[in-house]
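Each chain, written out:
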Amino acid sequence: MIVITTPTGQIGRQVLDRVLDSGEAVRVIARDPSRLPARVRARAEVVPGSHGDAGVITKALAGADRLFWLVPPPPFGHPGSAERYYLDFTRYRQVAVADRQAAMLRRGASQAMAQAMADMTEAQNNGIYDAEPRGPDSAAATSFRQWCHDTLKPAVQP
Ligand SMILES: NC(=O)c1ccc[n+]([C@@H]2O[C@H](COP(=O)([O-])OP(=O)(O)OC[C@H]3O[C@@H](n4cnc5c(N)ncnc54)[C@H](OP(=O)(O)O)[C@@H]3O)[C@@H](O)[C@H]2O)c1
């Protein structure tokens, strides 16, 4: 049994389609099950609610052995930072890189893929994304939000 989150989203719905095609038993978590296509409602178990709710996840994971997990994008106009939204939505437990690598190999990943993921994780843990401080020389002068306001909005709303 595989549990799939965001079954109505662009990514989740494609994952769900492929899993249904494979014949695998599927359970989806959906805030509004009426938005699910008839094919999904006929073939998947549906747990109503948000996967941001621990009680819903506990219910959905009963007897399942795999999970497709996707943190939904923050709603437009969300007041806080994207990072805060992600951290608030996601519960996680850090595992040692070597343990994760071993788990990937057990689940059929190639040696090269497991090594690549381990190397990437080590690099992130060692601050590879912080190597170049954000400043006027390394970042665009305007944020994406500002560009939407100044350029895109006037272009599409004359
Ligand atoms: N699509 C791409 O090509 C792409 C590429 C790179 C990265 N990403 C990233 O991947 C993430 C998701 O992408 P997506 O394109 O699949 O998103 P999407 O099409 O906007 O779908 C969002 C999904 O999340 C669900 N959702 C929204 N808020 C929720 C909440 N509070 N609790 C539970 N479910 C909630 C929606 O369900 P409802 O039906 O209940 O609203 C919907 O199923 C985003 O962070 C995006 O930036 C997407």
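Figured I'd write up the structure that's included with this text. (Residues numbered from 1 in each chain as written. Predicted model: local features only at pLDDT ≥ 70, side-chain atom pairs only at ≥ 80, totals over all residues.)

This paragraph deals with the overall build of the protein chain. For the protein chain, the count of helices and strands is seven helices and four strands. Walking the protein chain from its N terminus toward its C terminus, one meets helices and strands in the order β-α-β-α-β-α-β-α-α-α-α. Compactness check: the protein chain gives a C-alpha radius of gyration of 20 Å against a globular reference of 15 Å for 158 residues, more than 25% above the reference. C-alpha extents for the protein chain along the principal axes are approximately 50 × 50 × 30 Å. Relative to its full complement of 158 residues, the protein chain shows a buried share of 11%. Taking all contacts inside the protein chain whose residues are at least 6 apart in sequence as the whole, residues at least 24 apart take part in 40%. (Helix = DSSP H or I, 4+ residues; strand = E, 2+ residues; numbered from the N terminus. Rg over C-alpha atoms; globule rule 2.2 N^0.38 Å. Buried ≥ 20, exposed ≤ 12 C-beta atoms within 10 Å, placed from the backbone. Contact = placed C-beta atoms within 7 Å.)

Near the ligand you find 15 residues, and of these T8, G9, I11, S50 and P72 are the closest. When its residues are assigned to classes, the shell around the ligand shows four nonpolar, eight polar and three charged. (Near = placed C-beta within 6 Å. Nonpolar A, V, L, I, M, F, W, Y, C, P; charged D, E, K, R; others polar.)

A separate point is unusual backbone geometry. With a phi angle near 45°, T6 is a residue other than glycine that sits in the positive phi range. Within the element layout of this structure, T6 appears in the loop between strand 1 (2-4) and helix 1 (10-22).

Turning our eyes to something else, we now look at the sheet that holds strand 1. On the basis of which strands lie adjacent, the open sheet formed by four strands has the order 3-2-1-4 and parallel pairing. The two strands at the open ends of the sheet, each matched to only one other strand, are strand 3 (45-48) and strand 4 (66-68). Strand-to-strand twist in this sheet, taken as the mean axis angle between neighbours without regard to direction, amounts to 20°. Pairing analysis gives three bridges linking strand 1 to strand 2 (residues 26-30), with the strands arranged parallel. Looking across to strand 2, one finds that I4 is bridged to V28. In the packing of helix 1 onto the sheet, contacts are made with strand 1, strand 2 and strand 4, and the angle to strand 1 comes to roughly 155°. (Pairing = 2+ DSSP bridges. Axes fitted to C-alpha atoms, helices over the stretch in contact; angles between N-to-C directions.)

Turning next to the environment of F68. With respect to the helices and strands, the residue F68 is situated in strand 4. The class for F68 is partly exposed, based on 17 C-beta atoms found within 10 Å. Taking the C-alpha atoms as reference, F68 lies 16 Å from R31; in sequence the two are 37 residues apart. Residues in contact with F68, not counting those within four places in the same chain, are I2, I4, T5 and V15.

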